[in-house]
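Listed here are the chains, written in short residue letters.
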Amino acid sequence: MVRPAVLIDPLGGTLHLRTRLKHLALTGAALAVVTASLPGAAAADSGDRGRHPSDRGLSAVIRYTEYGIPHIVAKDYANLGFGTGWAQAADQVCVLADGFLTVTGERSRYFGPDAATDGSLSSAATNLSSDLYFRGVKDAGTVEELLRTPAPAGPSGDLKELMRGWAAGYNAWLRKNRITDPACAGADWVRPVTALDVARRGFAVSVLGGQGRAVDGITAARPPAAPPAAPVSGAVPDPDAAATAARELFAAENATMGSNAVAFSGATTANGRGLLLGNPHYPWQGGRRFWQSQQTIPGELNVSGASLLGTTVVNIGFNDKVAWSHTVATGVPLNLHQLTLSPGDPTSYLVDGRPERMTARQVTVPVKDGAPVTRTQWWTRYGPVVGGLGAQLPLPWTTTTAYALNDPNAANLRGSDTALGFGKARSTQDVADTLRRTQGLPWVNTVAADAAGHSFFSQAQVLPRITDELAQRCSTPLGRATYPASGVAVLDGARSDCALGSDPDAVQPGVFGPARMPVLRDTPYVENSNDSAWLTNADRPLTGYERIFGTIATPRSLRTRGGVEDVTAMAARGGLTVADLQRQQFANRAPAGDLAAADVAAACPAALPDDPEACRVIGAWDRTVDTDSRGALLFDRFWRRFTGTVKPTDQWLVPFSATDPVRTPRTVNTAAPGFAKALGDAVAELRAAGIPLDAPLGEHQFVVRNGQRIPVSGGTEALGVWNKTESAWSAAGGGYVDVVHGTSHVQAVGWDGGRCPVARTLLSYSQSSDPSSPHSADQTRLYAAERWVTSRFCEKDILRSPALRVVVVVRG
């Protein structure tokens with residue numbers, strides 16, 4: 001039996017951990033460190049986990065339980081940040097160091113200008129583009145100005161202390177440990193960081209949906225060299241093509257991040273208390289991975305969950321009273337202003353007939369094995385001039401017209417304050433109050449439940465204050481096409497009466513205040529799967545919000561439709577427990593199969609008259625994407641082709657109806673042009689790869705860790721599967737050979753009336769990206785087996801862990 005953790009008092013006595021920490025906080029005693037192995041605990045890991053982090057008076061206690069999950073205890077926010085930075089570095093030093101090169105604009109110096117980034121912190125196609133943008137942010141002092149902004153518009157003092165401590169903890173780990181991860185072992189680009197670097201990383205996360213989406217367009221924008229002799233072909237974007245491009249650019253099915261989340265109220269549960277299932281779909285590699293921990297300041301904060309790498313707080317998590325998760329929202333966190341340029345001067349634009357000069361910002365980037373590269377970026381009162389939003393939506397800068405991008409999240413470093421407030425919340429009302437006070441979430445919805453039985457949904461985003469009235473009055477011809485189609489507003493920048501204005505309850509100008517945002521409380525369930533807020537509860541549709549937040553009465557994705565069906569049935573059945581949430585996560589039902597497989601099987605003999613085996617396999621498929629499901633792979637490869645080549649309006653015989661949005665559209669159109677070809681091509685593809693048509697899914701959907709295949713269940717966005725798995729296809733490699741993004745940090749949380757939450761978690765890709773770590777694949781194997789981690793939140797549970805290792809502080 002493991003003894004309670006104690007701190008060693010050199011004067012001869014012992015004190016329990018909580019008492020000792022309180023004592024240290026009061027006395028300010030000098031600290032020394034020792035490592036204690038408790039009876040029954042597992043042997044210590046290699047050096048990085050067996051030493052106590054301490055730097056210039058900062059310290060923390062880190063207790064590791066199963067799967068390398070750290071429980072970090074400190075006396076204040078700086079010390080908590082210190083322990084968090086240390087522990088994150090121990091698991092993810094190479095990924096973190098790579099990200100810090102990004103936000104300081106030094107990728108080209110070490111990796112060359114033409115290499116691709118990992119895409120974690122911006123959309124930049126090359127290192128040079130990334131560096132030009134982030135060096136521009138650095139040279140302009142953008143983040144420094146935000147740090148100087150008083151709260152609530154700027155970050156709180158507690159958050160600044162967390163960032164200061166995080167940087168010190170990361171640096172202390174670097175000084176005291178040898179890097180074993182081959183991704184950066186011995187690399188000269190792994191260097192100490194500052195609190196400002198940590199804040200810059202937070203800025204990058206905040207602008208991912210705005211400036212970060214347009215990095216190539218910002219850094220490549222150039223004024224025309226001279227007036228053309230004749231009109232330039234294609235200089236004016238075609239409104240219809242631009243509307244289509246904008247719709248695809250912001251479509252959930254094309255995103256590399258998404259999520260499901262559902263909260264059930266006490267009216268549906270076995271004990272009248274709330275339940276929450278959070279299932280974010282994030283990248284499995286790179287700087288947008290999650291990392292698990294528990295953060296505790298006795299008497300101040302006690303929260304468990306997952307953090308995006310490089311952040312100082314728990315972004316998605318729970319405490320003893322509240323649980324919350326996020327889903328990527330449909331609100332568009334940017335808009336464009338179409339500039340009318342001054343005659344003869346393409347770097348000057350008109351506002352109410354008066355010219356304003358653009359601001360030229362010269363940015364220089366050091367380059368490996370070459371001369372530094374200098375480029376000029378052009379800024380306006382609205383934001384940077386942008387030459388396009390991705391390759392699909394060019395915005396040419398001509399002698400008469402240019403486009404400036406407005407991103408209100410470029411003035412927002414409050415996201416971590418929102419998370420910190422959630423961690424201290426005691427109810428969903430506190431969650432709502434935190435959202436109202438901090439207004440820090442740039443691109444996500446919030447779904448929450450509490451121990452008192454409340455459910456809560458809010459689309460509280462920092463969005464440009466584009467009302468439908470403003471868009472109607474001020475949209476250019478381009479904007480009149482893009483705004484209804486995608487929510488991307490293009491406003492007339494030549495008119496001051498087209499400025500965004502302010503709401504009285506907003507903490508910064510030009511954004512919506514909380515009173516205008518979609519909210520739903522205390523319905524039997526609230527659910528979101530990356531569609532708009534409209535069907536958060538199918539019996540209580542949300543309406544009345546502006547188009548920029550999302551659509552109303554439009555077709556939902558198959559994942560939303562399947563999710564609503566599932567959670568509606570669960571709520572109607574009632575008596576729900578955490579075990580029901582666990583079953584939902586791994587039900588692996590494929591809504592596309594339920595809707596279409598029978599019709600496909602029936603039409604298959606006519607489409608493939610010489611291939612009865614294919615028809616038999618599809619007909620026998622059980623409509624799930626478990627690892628032992630036979631026929632799932634064949635249907636998936638067919639369905640991707642069918643939905644990718646046949647227009648949505650031609651895919652179904654029964655069209656969408658806003659009065660029946662969950663069950664329509666339906667009845668697959670097997671007579672559609674392209675149906676037979678999609679089916680035949682899928683069959684031919686598998687046979688050419690040597691994959692049997694009825695092969696179990698897990699034999700051909702897997703990840704490889706340390707040379708071993710680990711089969712994984714789940715399915716694609718196209719199939720509408722809750723447990724989303726988007727993988728890289730390699731016929732030569734045997735199928736889906738690695739997960740690109742999908743189910744990441746999962747939490748199923750409830751309460752039973754005791755002092756501890758009832759929580760089960762999973763981190764699908766595990767805590768560490770270092771292949772030599774024992775925690776690089778342990779939870780991945782759990783995920784493959786559809787098993788869960790029982791969260792150790794309360795002291796008694798932490799201390800009972802058979803894997804417990806404790807780092808303790810002593811008064812010296």
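1. A look at the overall build of the protein
In terms of helices and strands, the protein carries 22 helices and 35 strands. Compactness check: the protein gives a C-alpha radius of gyration of 27 Å against a globular reference of 28 Å for 812 residues, within 12% of the reference. With the C-alpha coordinates aligned to their principal axes, the bounding extent of the protein is approximately 90 × 70 × 55 Å. Buried positions account for 61% of the 812 residues belonging to the protein. The contacts of the protein with a sequence gap of at least 6 include a subset with a gap of at least 24, amounting to 69%. As displayed, the protein has an accessible area near 29,100 Å², and 54% of this comes from carbon and sulfur atoms. Once the 77 positive and 74 negative side-chain charges of the protein are each reduced to a mean point, those two points are 6 Å apart.

2. Digging into empty space enclosed by the protein
One pass over the structure, following the stated rule, counts 10 cavities of 30 Å³ or more. The space that makes up the largest cavity amounts to roughly 440 Å³. Lining the largest cavity are 29 residues, with V205, T311, N315, G415 and S416 positioned closest to its centre. For the lining of the largest cavity, the secondary-structure elements that each account for two or more residues are α6 (157-176), α7 (195-206) and α10 (415-424). The biggest single contributor to the lining of the largest cavity is α7, with 6 residues. Reported here for the second largest cavity is a volume of approximately 130 Å³. Elements with a contribution of two residues or more to the lining of the second largest cavity: β7 (69-73), β10 (290-297), β11 (301-308) and β34 (789-790). When grouped by side-chain class, the residues that make up the lining of the second largest cavity number 3 nonpolar, 10 polar and 2 charged.

3. Re the sheet that holds strand β18 (residues 373-380)
Overall, antiparallel pairing links the 3 strands, which are arranged β17-β18-β19 in an open sheet. For this open sheet the edge positions go to β17 (359-365) and β19 (383-384), each flanked by a neighbour on one side alone. Note: β17 against β18, 7 bridges, orientation antiparallel. Residue pairing across strands places V365 opposite V373, the latter belonging to β18.

4. Side note on the packing of helix α16 (residues 591-607) against helix α18 (residues 632-645)
It is at 12 Å that the axes of α16 and α18 come closest, and there the two elements cross at 95°. Here α18 runs roughly perpendicular to α16, going by the angle between their axes. Facing α16, whose interface residues are A592, G593, A596, A597 and V600, α18 presents F635, F638 and W639. The residue inventory of the contact of α16 with α18, partitioned by class, reads 7 nonpolar, 1 polar and no charged.

5. What about the packing of aromatic side chains?
Evaluation of the coordinates by the stated rule reveals 25 aromatic pairs. Look at F100 and Y170: their rings are 5.6 Å apart centre to centre, the planes differ by 65°, and that puts the pair in the edge-to-face class. Of the two residues, F100 is situated in helix α2 (residues 77-103) and Y170 in helix α6; the sequence distance between them amounts to 70 residues. What makes Y170 buried here is its relative accessible area of 0%. When the ring of Y282 is compared with that of F290, the centres are 4.8 Å apart and the planes differ by 45°; the resulting orientation is tilted. The class of Y282 is buried, set by a relative accessible area of 4%. Relative accessible area serves as the criterion here: at 1%, F290 is assigned to the buried category. What links up through ring pairs into an aromatic cluster is the set W621, F635, F638, W639, F642, W652 and F675. The ring of F100 has R201 lying over it, and the distance from NZ or CZ to the ring centre is 5.3 Å.

6. A word on the confidence of the model for the protein
Note that predicted coordinates carrying low pLDDT should not be read in detail. Confidence along the protein averages 92 in pLDDT terms, with 91% of residues attaining 70 or more. Contacts from residues 1-51, a stretch scored under 50 in pLDDT, to residues over four places away or in other chains number 99 contacts. Note on residues 228-234: pLDDT under 50 across the span, and 2 contacts to partners over four residues away in sequence or across chains.

7. Focus on the pairing of strand β28 (residues 702-705)
Of the strand pairs in this sheet, β28 and strand β29 (residues 708-711) are connected by 4 bridges, and their pairing is antiparallel. Residue pairing in the sheet places V703 in a bridge with I710 of β29.

8. Notes on helix α13 (residues 477-486)
Of all 10 residues in α13, 7 are buried; the element is thus mostly enclosed. Those residues of α13 not exposed but buried are L478, G479, A481, T482, Y483, A485 and S486. Contacts from the buried residues of α13 go to α9 (239-249), β14 (335-342), β20 (401-406), α12 (468-474) and β23 (490-492). Looking at the residues trailing α13, positive phi occurs at G487, about 85°.

9. Topic: the pattern of salt bridges
Side chains bearing opposite charge may pair, as long as their charged atoms lie close to each other. The final tally for this structure, using the stated rule, is 36 salt bridges. Between K424 and E300 there is a salt bridge whose closest N-O contact spans 3.5 Å. Taken together, the residues span a long stretch of sequence, with K424 in helix α10 and E300 in the loop between β10 and β11 at a distance of 124 residues. A residue is classified by how much of its surface remains accessible, and K424, at 32% relative accessible area, is partly exposed. Among the residues examined, E300 registers a relative accessible area of 35% and is labelled partly exposed. Put simply, D660 and R666 hold a salt bridge, and the shortest N to O gap is 3.7 Å. On the basis of relative accessible area, R666 is assigned to the partly exposed category, the value being 27%.

10. Here's the deal with the side chain of S129
With respect to the secondary-structure elements, S129 resides in helix α4 (residues 127-140). Polar contacts involving the side chain of S129 include one to the side chain of D216, which spans 2.5 Å. Excluding residues that lie within four positions of it along the chain, S129 makes contacts with A124, V215, D216 and T219.

What counts as what
- Residues numbered from 1 in each chain as written.
- Predicted model: local features only at pLDDT ≥ 70, side-chain atom pairs only at ≥ 80, totals over all residues.
- Heavy atoms only, no water.
- Helix = DSSP H or I, 4+ residues; strand = E, 2+ residues; numbered from the N terminus.
- Rg over C-alpha atoms; globule rule 2.2 N^0.38 Å.
- Buried < 20%, exposed > 50% of the residue type's maximum accessible area, 1.4 Å probe, protein only.
- Contact = heavy atoms within 4.5 Å.
- Areas by Shrake-Rupley, 256 points an atom, 1.4 Å probe, with all protein chains shown as cover.
- Lys, Arg positive; Asp, Glu negative; His and termini not counted.
- Charge placed at Lys NZ, Arg CZ, Asp CG, Glu CD.
- 1 Å grid on protein atoms, 1.4 Å probe; cavity = no way out; pocket = protein on both sides within 12 Å on 5 of 7 lines; lining within 4 Å.
- Points joined across faces, edges and corners; volume = space filled by probe spheres on them.
- Nonpolar A, V, L, I, M, F, W, Y, C, P; charged D, E, K, R; others polar.
- Pairing = 2+ DSSP bridges.
- Axes fitted to C-alpha atoms, helices over the stretch in contact; angles between N-to-C directions.
- Parallel < 35°, antiparallel > 145°, perpendicular 65-115°, else oblique.
- Phe/Tyr/Trp six-rings, centres within 6.5 Å; stacked < 30°, edge-to-face > 60°.
- Lys NZ or Arg CZ within 6 Å of the ring centre and 35° of its normal.
- pLDDT = per-residue confidence, 0-100.
- Salt bridge = Lys/Arg side-chain N within 4 Å of Asp/Glu carboxyl O.
- Polar contact = N/O pair within 3.5 Å; in protein donor to acceptor, adjacent residues only side chain to side chain.

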